[in-house]
Protein chains: 4
Amino acid sequence: MNYQKILEEIKKEIKPLFKDGKVADYIPALKRVKPTHFAMSLQLFNGATYSVGEENCKFSIQSISKVFTYAMALPIYKKEIYKRINHEPSGNPFNSLVQLEYENGIPRNPFINAGAIVITDMLESVYKGKTFSKILEYIKEVSDNNEIDYDKEVALSESQFGFRNIALVNMMKSFTNISNDTTKVMDIYFKQCSISMSTKELSRAVLYLANHGVDPITKKRFLNESQAKRLNSLMLTCGHYDASGDFAFRVGLPGKSGVGGGIVAIVPNLMSICVWSPKLNDKGNSLVGTKALELFTTKTRLSIF
Amino acid sequence: MNYQKILEEIKKEIKPLFKDGKVADYIPALKRVKPTHFAMSLQLFNGATYSVGEENCKFSIQSISKVFTYAMALPIYKKEIYKRINHEPSGNPFNSLVQLEYENGIPRNPFINAGAIVITDMLESVYKGKTFSKILEYIKEVSDNNEIDYDKEVALSESQFGFRNIALVNMMKSFTNISNDTTKVMDIYFKQCSISMSTKELSRAVLYLANHGVDPITKKRFLNESQAKRLNSLMLTCGHYDASGDFAFRVGLPGKSGVGGGIVAIVPNLMSICVWSPKLNDKGNSLVGTKALELFTTKTRLSIF
Amino acid sequence: MNYQKILEEIKKEIKPLFKDGKVADYIPALKRVKPTHFAMSLQLFNGATYSVGEENCKFSIQSISKVFTYAMALPIYKKEIYKRINHEPSGNPFNSLVQLEYENGIPRNPFINAGAIVITDMLESVYKGKTFSKILEYIKEVSDNNEIDYDKEVALSESQFGFRNIALVNMMKSFTNISNDTTKVMDIYFKQCSISMSTKELSRAVLYLANHGVDPITKKRFLNESQAKRLNSLMLTCGHYDASGDFAFRVGLPGKSGVGGGIVAIVPNLMSICVWSPKLNDKGNSLVGTKALELFTTKTRLSIF
Amino acid sequence: MNYQKILEEIKKEIKPLFKDGKVADYIPALKRVKPTHFAMSLQLFNGATYSVGEENCKFSIQSISKVFTYAMALPIYKKEIYKRINHEPSGNPFNSLVQLEYENGIPRNPFINAGAIVITDMLESVYKGKTFSKILEYIKEVSDNNEIDYDKEVALSESQFGFRNIALVNMMKSFTNISNDTTKVMDIYFKQCSISMSTKELSRAVLYLANHGVDPITKKRFLNESQAKRLNSLMLTCGHYDASGDFAFRVGLPGKSGVGGGIVAIVPNLMSICVWSPKLNDKGNSLVGTKALELFTTKTRLSIF
C-alpha cells in the first residue's frame, strides 16, 4: 500500500474541519497552542516510517501517558492491579467523581484520570521518590530515543489549576485507595501529563503494543502477550472517554487520546500510528485527529472489525 | 486447524466450572432449566460446521435477540437511529434507570434493555402490528432455517414478572422516546426475548456479521459494510453489559450474551460461534460460555487483539 | 386578629404575581384551568371561617391527597409503615427514579409520588377493591361534608399520560415493594389525585391536624398525638418537594402542596388554611399560593419559628 | 415547670442506651473520648440555667460550628449567599460529592460540609487571614464568655485525615465556587470544627437564636428577625444530615448536631438547649443526645408541632 499517498490525501481531506472544535482551555499553558497544527505518523515493524504535517513538532501527550504508566505497572503488579482498579468502560466523563463515590474509591479503568492516578501511586510505592524519572526512562526506552522530556510550564499550570484531579486523589485517599502522600502523587501525575513528544516519537513509542509486547526493531520485550492483549483491549473499550464506542466504530483500532490533541493507535501485527491536532470535539478528543484515523482505516480497510 | 479437536478439549477443560455460577431466576420459566447443559458450535464461511455438546438443544436466546432487531432497524432508520439511542458503553447494569433518567430517556446503547426496547418500538412504527412476525421472519432468513419459533411459556413469564422492563418503557415514554403503546411494545419485546434456538442455529444466524453483512453461503446481503462494522464494534464495546471490557480482554471477539446462557461471537472474515451453558456469573453472562470462548481464542490465537 | 382584613390585604398584594409561573401541563385535563383563579380560606377551632376569592370553586387536589391517604394508613400500619417508606426529605424532584433505584425501591418519604403509591398499595391490601371509595369516605368524614367527589376526566387523563408514575410503580414492584396488581394500584392513585375540593372544603378537611388528631368541632379523633406530630413534621420537612426548605423559611408552617395549585397549611393549636392559585413556580408549587401564605405568616407572626 | 427534675429524670432514662452507638472514629483525636460522657444544659431568657451531667466538660463542637459561621455570613452577604449555596435538605450523607457534582459545585445547604466550607471561604474573602480569630471572637461574643478556644490536637488530626473534605473544597474550586486558596480555607475550617465548648457554654451561645436574633440577656442583636427565622428553619429541615426528618418528628425543635456528640436545640421564645454524649447513631448524630431531647419535648410538650 502507498502509505505516503494515503497520508497526503488525508491531510487534504481534513482541511475543512479546522474550523470546528475547541483547543483545551482548562489550563492556561495549553490554550496558547496554535489551533491548526496537524501531523500524522505511521511506524512499521521493519523500521519504515511515513509522515505528513509537523511530524517533529512536540506537543503535550497528556492522557497518552496513561498508556505508558499502565504498561509499567502491569508486569510489576500483575493481578494485584485488579484489586485497586476495574477494567470496564465508564459511561461518564473522564474526571467524574460520581462513579468513584458509588464504587467506593475504585476507579472504573486505568484510562480515566482517577485510574491513572492510582497507577502513578502504585509506581510511587515501588520507585519511592524516583517515579517520574523512571517514567521518563521507560518512555525513552520504548521509544529508542533519549530526547524526551516534559514541559515545566505545562506541569506548573496543571498543578495550579488541577483542582478536580486533586479532588479525585483526596477522595480515593479517603477510601484508602492511595498509599502515598497525595501531593507527591499529584506532582508526578502532573509531570507525566506534561511530557512533550512529536507524532513521530509517539508512533515509535507504542510500536511494541502492535507486536504483542515486543519492540519489532530492537527485539526488546516490555510486556508478555497476555499483558499486551489487555492493554490493546483496554484502549479499544476505554481509550476515548465517553466516545470510546464511537471511536471503535469509526476507526476500529485500539487507541488512546489526550487533551493535548494527540491520539495513538495500533494496527495489530502491522504498525503503530500517531496523529495530532489540538482542537477537540465535545467529548474531549482531537476532532481532526479522529477524522484522520477514520479516513485512514476506511482507505486501508485496516479496521479490526 | 483441527476445530473439532479444539472443541473437544474445551468441553473437557470447562467441566470443573459447572459447580460455579447461578441459573437466571428472575422469571420462573427460566430457572427450571438444567444447570449443566453445554453446547458450542462453529460455523465457517464454506458451510462447514463443528459442534460439541447439545448442539441441537433449544434455549431462550434472550438478549441475543437485540443483535437481530438492531440489524433490522439499522438499514431502515440509518442515522436517524442516533437521535433516539446512544452507542456508548453504559458502565451500569443492563436494566439501570439511573442513567436513563440523567440522560433524558435516551438509552446508552441498543444492547441494554432500554435501548433494545426503543429499537422494538422503532420497528413497530414501521411494521404496525406485524413486528413480531417480521422479527421471526428475519431470523429465519439470516439463519436459512424455517424451524424457529418462540417459547410461549417463557414469553408469558416475562410479561408477568418483567416489572423493571415495564418501568423502563414507561419512563422512556414519559420522555417521549417511545412512539407506540407501551403494552404493545412490551408484548413484542417479551416475545423476541423468548425465541428458542440451538447453538447450531444461532451460529448460523450470525454468520453474515463475520462477512461484512453478506451471508457467505446464500450470498444475500443484510447490512452494508459500514452497518456491519457498527454492529461488530457495538458487540465488542457493549455486548456483555458491565463485563464488556473483561470479555474484550479475555476473548477478544465481538460477541453478545443473553441471560438464557447463550453467547454468540464473530471472528471477522472467518467464522461465527455460539456457545451455551445456563449458569451465569455475577455480571449476568454465561460463566462456562465465557470461559469456553476464552479457551477457544487462546488455543486458536484468533483474538482480534 | 382581623383575619378577614388580612385576607383582603393579601388578595390585593398578590395581584402583580399572576403574570408569573405556569399552569401544570403534564396532563391535558389540568392545563385547561384558568390561570388567574385565586382563593384562600381559614378554618378556626371554634368553627369560624374566613375566605377571599373563589372559596367554593373546586380544583384538583392532586398531591394534597397524599396527606389523607397517609393519615389513613398510619393508624392501621403503625411502625410497619417504616419498613416500606422512609421519612426523610428527598433532595430530588417528586418523581425521581434515581433515588428509588439506589435505595432499592424504598421511597424517601410518603409525600413524593413513589411513597404515596406505596401508601395506596398498603391501603389496597386492607380494603381489597374498595380502597378508593374508602378514601372518599375518609375525606368526607374529616371534612364533615358529603359533597366531595373526583373528576372523571382528570382521572382518565392521569391514567393516559401518567407514564412516569407507571414507571415508578413497576420499579417498586420489581423490588417487591408493591403487593397488589400495579394497574389496580395506579387506578386508585390516579383517582385520588383527581378528587376535587374547594379551599373552604380543604381547610375544613385538615383542621384535625392542627389539633393533635382530633377534629375540634365534631370532637372525633382520627390520629393519636404522636401520629399527628409525625404528619405535621413530615409536612414541614417534605411537603413541598425540592422547595420544602424554602417553604419552611418563608412560611414557617407545616403544609402540603399539589400541582393543581392548592396548598394546605396548619397553624398548630389554632387553625388550618387552604390557598389555591393554579400557576406553579419552577419547583412545582403554587407561586401565588406560596406568596399568600408567606404574607399571612408575616402579617400574623404565626410562623412556628 | 420543674426543669431540673425533668433533666434528672432524663439522665436516668437514657442510661440503658449507653451500650448502643459508636464514637466517631474518622480521626484519631476524636476516637479517644470516653463513650459514656453525658451532659445536658438549658438556658432560659431570664438567665436561669439548668444542667445535669458533666455540664462543664469541654468537647469538640464540630458541625455545630456551622451554625455560628452561617450566622456570621448571613448579615454580611444577605441574598448574595443564595448564589453560592442552596437551602434545601440534601437526601445524601453530609460529605457526599455526588450531589455536588450534579449541581455544578453548589452545595445543597450550609449545614453539609461542602456548604459550610463555602461559608468559611466567604468569610475569608471578608476577613482576609483573620477569619479564624474572627470566628472565635464571634462565638465569645454570642456566648458572653471569653474562655473559648480550639483544640490544636483535634485540628491537626482533622487536617491530616480530612481527605474527603479536601476533595470537596477542590471540587468546588474546579467549579469556581471557592474564591480563596483551598489550603487556607481548609485550615480555617478544620480549626472551627475543633473548637471546644461545654454544654453550658453552647446552650448560652445559641440563646439569641431562640429570641429572633437578640440575646435576651445582653440585649445585643446579632441577626434580624428574618435571618433568625432562616437559621431556625434551616436547623429544622437540614440540621441532622439524613436524619433531619426523623429529628423533626421525634424532637420537634430546630437543632444542629456535630460528630463530637453535641446537639444544640432551640425552643422559640423560651430557651436554648445543649446535650452531649459521644456515641453516634448510624446517621452520625449523638444517639443518647437525640433520645434525651426526645424525652425532653415529650415531657414538656414543647415540640413546635
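Residues numbered from 1 in each chain as written. Chains lettered and ligands numbered in written order. Predicted model: local features only at pLDDT ≥ 70, side-chain atom pairs only at ≥ 80, totals over all residues.

### So, the overall build of chain A
Our working definition: Secondary structure counts use DSSP, requiring at least four H or I residues in a row for a helix and at least two E residues in a row for a strand, with both numbered from the N terminus. Contacts are defined on C-beta atoms placed from the backbone: any two residues whose C-beta positions lie within 7 Å are in contact.
When helices and strands are counted, chain A shows 14 helices and 10 strands. Pairs at least 24 residues apart make up 67% of the contacts formed inside chain A by residues separated by at least 6 positions.

### Some points on the sheet that holds strand β4 (residues 59-60) of chain B
Residues and elements named next belong to chain B. So the rule is basically this: Here a strand pair is declared whenever DSSP counts at least two bridges between the two strands.
With respect to topology, three strands assemble into an open sheet ordered β4-β6-β5, the strand pairing being antiparallel. The open sheet terminates on both sides in strands that have one partner only, identified here as β4 and β5 (149-150). In terms of strand pairing, β4 meets strand β6 (residues 195-197) through two bridges, oriented antiparallel. Across the sheet, the residue bridging to S60 is S196, located in β6.

### As for the relation of the copies chain A and chain B
For clarity, the cut-off: A residue counts toward the fit only if its pLDDT is at least 70 in both copies, and the copies are then superposed by least squares on the C-alpha atoms of those residues.
Rotating chain A by 180 degrees about the axis while translating it 0.0 Å along that axis superimposes it on chain B, leaving an RMSD of 0.0 Å. Put plainly, the chains are arranged around a two-fold axis. A shared interface surface links the copies, since 100% of the contact residues of chain A are contact residues in chain B too.

### A closer look at helix α13 (residues 225-238) of chain B
Residue and element names in this part refer to chain B. Operational definition: What a helix is expected to span follows from its residue count: subtract one and scale by 1.5 Å. Residues with at least 20 neighbouring C-beta atoms inside 10 Å of their own are called buried, those with 12 or fewer are called exposed, and the rest are partly exposed, where every C-beta is derived from the backbone.
With 14 residues, α13 extends 20 Å from end C-alpha to end C-alpha; this agrees with the ideal 20 Å at 1.5 Å per step. Within α13, 11 of the 14 residues are buried, which leaves the element mostly enclosed by the surrounding structure. Taken together, the buried positions of α13 are A228, K229, R230, L231, N232, S233, L234, M235, L236, T237 and C238.

### A few points about the relation of the copies chain C and chain B
Overlay of chain C on chain B (RMSD 0.0 Å): rotation 180 degrees, translation along the axis 0.1 Å. A shared binding surface is used by both copies, with 92% of the interface residues of chain C retained as interface residues in chain B.

### Here we look at helix α14 (residues 287-300) of chain A
Residue and element names in this part refer to chain A. Between its first and last C-alpha atoms α14 spans 20 Å; for 14 residues at 1.5 Å apiece the expected length is 20 Å, and the two agree. Most of α14 is tucked away: 11 of the 14 residues are buried. Among the residues of α14, L287, V288, G289, T290, K291, A292, L293, E294, L295, F296 and T297 are the ones counted as buried. Elements in contact with the buried residues of α14: α1 (3-13), β2 (39-44), α13 (244-250), β8 (262-267), β9 (271-276) and β10 (279-280). Where α14 terminates, the next one or two residues include R301, which has phi positive at roughly 55 degrees.

### Section: the interface of chain C and chain B
Our working definition: Note on residue categories: nonpolar means Ala, Val, Leu, Ile, Met, Phe, Trp, Tyr, Cys or Pro, charged means Asp, Glu, Lys or Arg, and polar means any other residue, Gly included.
At the junction of the two partners, chain C supplies 12 residues and chain B supplies 11 residues. Elements supplying a minimum of two residues to the side of chain C that touches chain B: α4 (98-102) and α8 (163-174) of chain C. It is α8 of chain C that contributes the most residues to the side of chain C that touches chain B, eight residues altogether. Split into classes, the residues belonging to the side of chain C that touches chain B amount to six nonpolar, three polar and three charged.

### Overview of unusual backbone geometry
At N269 of chain C, a position not held by glycine, the phi torsion is positive, near 70 degrees. Tracing the backbone through its elements, the reader meets N269 of chain C in the loop between β8 (262-267) and β9 (271-276). Even without being glycine, H212 of chain D reaches a positive phi, approximately 55 degrees. By the secondary structure assignment, H212 of chain D is in the loop between α12 (207-210) and α13 (225-238). Exposure remark for H212 of chain D: the 20 C-beta atoms within 10 Å place this residue in the buried category.

### So, the sheet that holds strand β4 (residues 59-60) of chain C
Taken in spatial order, the three strands of this open sheet run β4-β6-β5 (chain C), and their pairing is antiparallel. Only two strands of the sheet have a single neighbouring strand rather than two, namely β4 and β5 (149-150) of chain C.

### A few points about the arrangement of the chains
Taking C-alpha atoms as the reference, chain A and chain C come no closer than 10 Å and do not contact one another. No interface is formed between chain B and chain D, the nearest pair of C-alpha atoms being 10 Å apart.

### Thoughts on the packing of helix α3 (residues 65-77) of chain D against helix α7 (residues 131-143) of chain D
Residues and elements named next belong to chain D. Worth spelling out the cut-off: Only the stretch in contact is used when a helix axis is fitted, and all axes are lines through C-alpha atoms; the angle between N-to-C directions ranges over 0 to 180 degrees. Just so you know how the angles are binned, under 35 degrees is roughly parallel, over 145 roughly antiparallel, 65 to 115 roughly perpendicular, and the rest oblique.
Axis separation between α3 and α7 bottoms out at 10 Å; the angle between their running directions is 100 degrees. With respect to each other, α3 and α7 are oriented roughly perpendicular. Facing α3, whose interface residues are F68, T69 and M72, α7 presents I135, Y138 and I139.

### What about the interface of chain A and chain B?
Chain A puts 29 residues into the contact, and the matching count from chain B is 29 residues. The set of elements that each furnish at least two residues to the side of chain A that touches chain B consists of α12 (225-238) and α13 of chain A. Per-element tally for the side of chain A that touches chain B: the top contributor is α12 of chain A, with eight residues. Taken together, the residues of the side of chain A that touches chain B sort by class into 10 nonpolar, 13 polar and six charged.

### Here's the deal with the environment of M235 of chain B
Residue and element names in this part refer to chain B. Take M235: it is sitting in helix α13. Owing to 28 C-beta atoms within 10 Å, M235 belongs among the buried residues under this scheme. Counting along the chain gives 132 residues from M235 to E103, while the straight-line C-alpha distance between them is 22 Å. Non-local contacts of M235, meaning those with residues more than four positions away in its chain, are made with P254, G255, K256 and I266.

### Structural notes on the environment of L270 of chain C
Residues and elements named next belong to chain C. Mapped onto the elements, L270 comes out in the loop between β8 and β9. Judged by the 14 C-beta atoms lying within 10 Å of it, L270 falls in the partly exposed class. On a C-alpha basis, the gap between L270 and S96 in space is 35 Å, while along the polypeptide they are 174 residues apart.

### A short note on the packing of helix α6 (residues 113-127) of chain D against helix α9 (residues 163-174) of chain D
The relative placement of two packed helices comes down to the angle between their axes together with the axis-to-axis distance. All names here are of chain D. Let me state the cut-off plainly: The crossing is said to be left-handed when, going from far helix to near helix, the turn is anticlockwise and less than a right angle, and right-handed when the turn is clockwise.
Contact pair α6 / α9: the axes reach a minimum separation of 10 Å and the direction vectors enclose 65 degrees. The way α6 lies across α9 gives a crossing that is right-handed. Facing α6, whose interface residues are N113, A114, I117 and V118, α9 presents N165, L168, V169 and M172. Its residues assigned to classes, the contact of α6 with α9 comprises six nonpolar, two polar and no charged.

### Quick word on the pairing of strand β3 (residues 49-53) of chain B
Residue and element names in this part refer to chain B. The buried count for β3 comes to four of five residues, which makes it a mostly enclosed element. Here strand β2 (residues 39-44) pairs with β3 via five bridges, running antiparallel. Across the sheet, the residue bridging to L42 is Y50, located in β3. Adjacent in sequence and paired antiparallel, β2 and β3 are bridged by four residues, among which G47 carries a positive phi angle near 95 degrees.

### Structural notes on the environment of T131 of chain B
All names here are of chain B. Relative to the elements of secondary structure, T131 occurs in helix α7 (residues 131-143). Given 26 C-beta atoms within 10 Å, T131 falls into the buried group. It is 42 Å that separates the C-alpha atoms of T131 and M1, two residues lying 130 residues apart in sequence. Sequence-distant contacts of T131, defined by excluding residues within four places in its chain, comprise T120, L123, E124 and I188.

### Examining the confidence of the model for chain A
Low-pLDDT stretches of the model should not have their predicted coordinates read in fine detail. Selection criterion: pLDDT expresses how confident the predictor is about each individual residue, on a scale running from 0 to 100.
Per-residue confidence for chain A gives a mean pLDDT of 94; residues scoring 70 or more make up 98%. Model confidence for the complex is summarised by a pTM of 0.91, with the ipTM given as 0.90.

### Some details on the pairing of strand β2 (residues 39-44) of chain D
All names here are of chain D. The buried fraction of β2 amounts to five of the six residues, a majority that puts the element mostly inside the structure. In terms of strand pairing, β2 meets strand β9 (residues 271-276) through six bridges, oriented antiparallel. Following the sheet pairing, A39 is matched in β9 by W276.

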